[in-house]
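A structural walkthrough
Residue strings, one per chain:
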Amino acid sequence: MSNRGNFSSKLGFILAAAGSAVGLGNIWRFPYLAGTNGGAGFLFIYLICVLMLCFPVMVGEIAIGRNAGSDAFGSYKKLGGGNWGYLGLYGILAGVLILSYYNVVAGWAFGYFLEISFGNLLDHQDFGSFFGDYVNDIGPLFFFSLGFMVITAVIVAQGIAKGIEAANKIMMPGLYIILIGLIIYSLTLPHAMDGVRFYLVPDFSEIHSKTIFYALCQAFFSLSLGMGCLITYGSYVTKDQNIVKSAVIISMADTSVAFLAGLMVFPLVFSLGAEPGQGPKLIFVILTQAFQSMGPFVGRIVGGSFFLLICFAALTSTISLLEVPAAYFVDQKKLPRKAVVWGVSGLIFVLGIPTMYSQGLVPFLNKLPFHNSPDFLSFVADLCDIMLVSGGCIMCLFIRSKWRVGSLNNELAIGNPGYVGSFVQGYINFAISWFCPVVLGILSILVIVDKYYGLEWLFG
Ligand code: PFF
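Rules of the game
- Residues numbered from 1 in each chain as written.
- Predicted model: local features only at pLDDT ≥ 70, side-chain atom pairs only at ≥ 80, totals over all residues.
- Heavy atoms only, no water.
- Axes fitted to C-alpha atoms, helices over the stretch in contact; angles between N-to-C directions.
- Helix = DSSP H or I, 4+ residues; strand = E, 2+ residues; numbered from the N terminus.
- Parallel < 35°, antiparallel > 145°, perpendicular 65-115°, else oblique.
- Contact = heavy atoms within 4.5 Å.
- Nonpolar A, V, L, I, M, F, W, Y, C, P; charged D, E, K, R; others polar.
- Near = heavy atom within 4 Å.
- Polar contact = N/O pair within 3.5 Å; in protein donor to acceptor, adjacent residues only side chain to side chain.
- Areas by Shrake-Rupley, 256 points an atom, 1.4 Å probe, with all protein chains shown as cover.
- Bend = angle between axes of the 7 residues up to and from the residue.
- Buried < 20%, exposed > 50% of the residue type's maximum accessible area, 1.4 Å probe, protein only.

Between helix α4 (residues 72-80) and helix α18 (residues 376-403), the least distance of the axes is 10 Å, while the angle of their chain directions is 25 degrees. Put simply, α4 runs roughly parallel to α18. Contact residues: α4 offers Tyr76, Leu79 and Gly80, while α18 offers Met395, Phe398, Lys402 and Trp403. Of the residues assigned to the contact of α4 with α18, the class counts are five nonpolar, one polar and one charged.

See the structure below:
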């Protein structure tokens, strides 16, 4: 295990795992989902999902990784034998698919950062149509997404401590500083408090079954669960680390950034008198309008900082997404790290090309023949959501029926003397054996029905 590399410190692992968790999911996806699903009601359900369902899954994944000391495939195979390795491959495939579209959206954000900071984006009048044109202007976008993938690969090729850990140590604190600065600014704007009210005062009549699906899928995505990312990172964790405590810190760091992103976005949206339910274009259209209203100089600084923040957040996540397949090839195929990283990132970049063309350039990719005619990007994103939630469910079944809850407890007790007999142990054991597999199993099926057929198909 020694030549695979390890995180050099406890903080290094926590920052890297929190960096993986904090990403476009928090700053781009969370606010627009909250905006379309009732604001505070969504936030409320989201917090319940994190606490009751995601936290035990996170602890389970890190424990599996540290105990087995291998990539996602190798860990399941080592602890479960036989076909359990395929569960790891399922996760690796989910990671590859996520990175293929994630890198495209990161390329949009990278482009917006450059266009706002150094170009004349803020001089435009209609940001809705600008965004529509922008995401179909393949030349520059190709270049921005490629640039993003290259930066990711350069960092991952450096290895665990020198690449992944070092980059996160700089970017994570930077991200918090920019975010807090932007919140303070947005709270001073007129009508900011209407946004705060929308976001923090729940209207329970706004909560529907779909709110629960979206919140659950978002929580899995945001915490990087269900695809072996934390198994892979867990395999680089030393035995003196307290896994339960680390998982609490990682979950809180991720949830706080999502929460703070909402606290920044909604006051801005309401200060413009705009609609919060705009979907994926929310931050690109509405926030850019808000930045314009700040005047050319302040707008450039605040808007540039905002998109830089998104790039930082996305980069700490793309790093972790690339590490999952990379670790598989390094551990299982014994290939050299650098060659693997460049090969895999090139392949994933190519896989993302249909996503780039899905925003209108190719009509078929823009309207696929499923319920609600999603574009290719939404189709892949939905598919990945399903893979994550079902992957989390099967991981619980793996611990329950194969690795055994006793082995999980033994691993969690290492580095955590008070664990055995504690309330936390009781909850984790109950959740992994019963609560999570049942709830995640039922919800996975309902989410599949909802995404591909529409829930009406089932319930009339
Ligand atoms: N958690 C990341 C985000 O919120 O943007 C996305 C992600 C990263 C998902 C890594 C899964 C993963 F393994």
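So, on to the site of the ligand. The full set close to the ligand counts 15 residues, and Ala21, Gly25, Tyr102, Phe221 and Met227 are the nearest of them. Between the ligand and the protein, one listed contact pairs an oxygen atom with a backbone N or O atom of Leu24 at 3.1 Å. Gly25 is positioned with one of its backbone polar atoms (N or O) 2.8 Å from an oxygen atom of the ligand. In isolation the ligand offers 340 Å² of accessible surface; the protein chains occlude 100% of this area. Those elements giving two or more residues to the shell around the ligand turn out to be α1 (10-21), α2 (24-36), α10 (209-222) and α14 (296-332). Partitioning the shell around the ligand into residue classes produces seven nonpolar, eight polar and no charged.

Let's shift gears to helix α20 (residues 423-452). Of all the bends found along α20, the most pronounced is centred on Ala431 and spans about 55 degrees. Two residues or fewer past α20, Gly454 is found with a positive phi of approximately 95 degrees.

This part takes up α4. Counting buried positions along α4 gives seven out of nine residues, so the element sits mostly inside the fold. Elements that come into contact with the buried residues of α4 comprise α3 (40-68), α5 (85-118), α11 (229-234), α14 and α18. Capping the start of α4 is the job of one residue whose side-chain oxygen sits 3.1 Å from the backbone nitrogen of Phe73: Asp71. Directly beyond the C-terminal end of α4, a positive phi value near 70 degrees is found at Gly81.

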